Amino acid sequence: MNIIISNSSGKPIYEQITSQIKNMIISGQLSAGDPLPSMRALAKELRISVITTKRAYNDLEQEGFIETITGKGSFVAAKDTEVIREGNLRIAEEYLAKAAELAKKSGIPLKELVEVLELIYNGE
């Protein structure tokens, strides 16, 4: 599994793992029923504690992204990715509303704000 951990990130390692696996599921890289590496195997691969991978897997399971079957392992849960997408869109709208409010207060024109968003979205 191609997970990249950044020690310079402000996010805890378990959150980095959780968000990357969620993104793989949402993007279709991982499909319903696909097996995930065991907690031990992932911890060894990433050179982190098993407790950290356990926390990430527990969070993913609580949010309905994966299912764990005792003695068999963890698998991608059958979940409607459109529901996930809508949830993420709602979160993005909240952040954009805050950005728009700040831009208005600061006198930043909408056109300039849109240009900044396009640059960020396109990774420039």
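Residues numbered from 1 in each chain as written. Predicted model: local features only at pLDDT ≥ 70, side-chain atom pairs only at ≥ 80, totals over all residues. Heavy atoms only, no water.

## Looking at the packing of helix α2 (residues 39-46) against helix α3 (residues 50-62)
Inference 1: At a closest axis distance of 8 Å, the pairing of α2 and α3 adopts a crossing angle of 120°. Classed by the angle they form, the pair α2 and α3 counts as oblique. Note that α2 runs across α3; the crossing there is right-handed. Contacts from Met39, Arg40, Leu42 and Ala43 of α2 reach α3 at Val50, Thr53, Lys54 and Tyr57.
Inference 2: Taken together, the residues of the contact of α2 with α3 break down into 5 nonpolar, 1 polar and 2 charged. (Axes fitted to C-alpha atoms, helices over the stretch in contact; angles between N-to-C directions. Helix = DSSP H or I, 4+ residues; strand = E, 2+ residues; numbered from the N terminus. Parallel < 35°, antiparallel > 145°, perpendicular 65-115°, else oblique. Left-handed = near helix turned anticlockwise from the far one by under 90°. Contact = heavy atoms within 4.5 Å. Nonpolar A, V, L, I, M, F, W, Y, C, P; charged D, E, K, R; others polar.)

## Focus: the UniProt feature "domain: HTH gntR-type" (unreviewed entry) in the chain
Inference 1: Under the present numbering, the feature "domain: HTH gntR-type" (unreviewed entry) in UniProt falls on residues 11-79.
Inference 2: Across residues 11-79, helical content stands at 52% and strand content at 12%; the span's end C-alpha atoms are separated by 26 Å. (UniProt positions renumbered as here; feature names shortened; annotations may be inferred.)

## Describing unusual backbone geometry
Inference 1: At Arg47, a position not held by glycine, the phi torsion is positive, near 55°.
Inference 2: By the element assignment, Arg47 lies in the loop between α2 and α3.
Inference 3: Overall, the relative accessible area of 78% leaves Arg47 in the exposed class. (Buried < 20%, exposed > 50% of the residue type's maximum accessible area, 1.4 Å probe, protein only.)

## A closer look at the domain arrangement of the chain
Inference 1: Annotation of the chain at the domain level lists domain 1 (11-74) and domain 2 (79-120).
Inference 2: Look at where the C-alpha atoms of domain 1 and domain 2 centre, and you get two points 28 Å apart.
Inference 3: In this complex, domain 1 contributes 5 residues to the contact, which on the side of domain 2 involves 4 residues.
Inference 4: The tally of links between domain 1 and domain 2 comes to 0 salt bridges.
Inference 5: Broken down by class, the residue content of the side of domain 1 that touches domain 2 amounts to 3 nonpolar, 1 polar and 1 charged. (Domains from an automatic or database assignment. Salt bridge = Lys/Arg side-chain N within 4 Å of Asp/Glu carboxyl O.)

## Some remarks on the pattern of salt bridges
Inference 1: Scanning the model with the defined rule gives 3 salt bridges in all.
Inference 2: A salt bridge links Glu63 to Lys22; its shortest N-O distance comes to 2.5 Å. Note that Glu63 is positioned in the loop between α3 and β1 (66-69) and Lys22 in helix α1 (residues 13-27), a separation of 41 residues in sequence.
Inference 3: Here Arg55 ties to Asp59 by a salt bridge, and the two come within 3.7 Å at their closest N and O atoms. Here the residue Arg55 and the residue Asp59 both occupy positions in helix α3, the gap between them amounting to 4 residues, near one helical turn.
Inference 4: Take Arg55: its relative accessible area is 41%, and that puts it in the partly exposed class.

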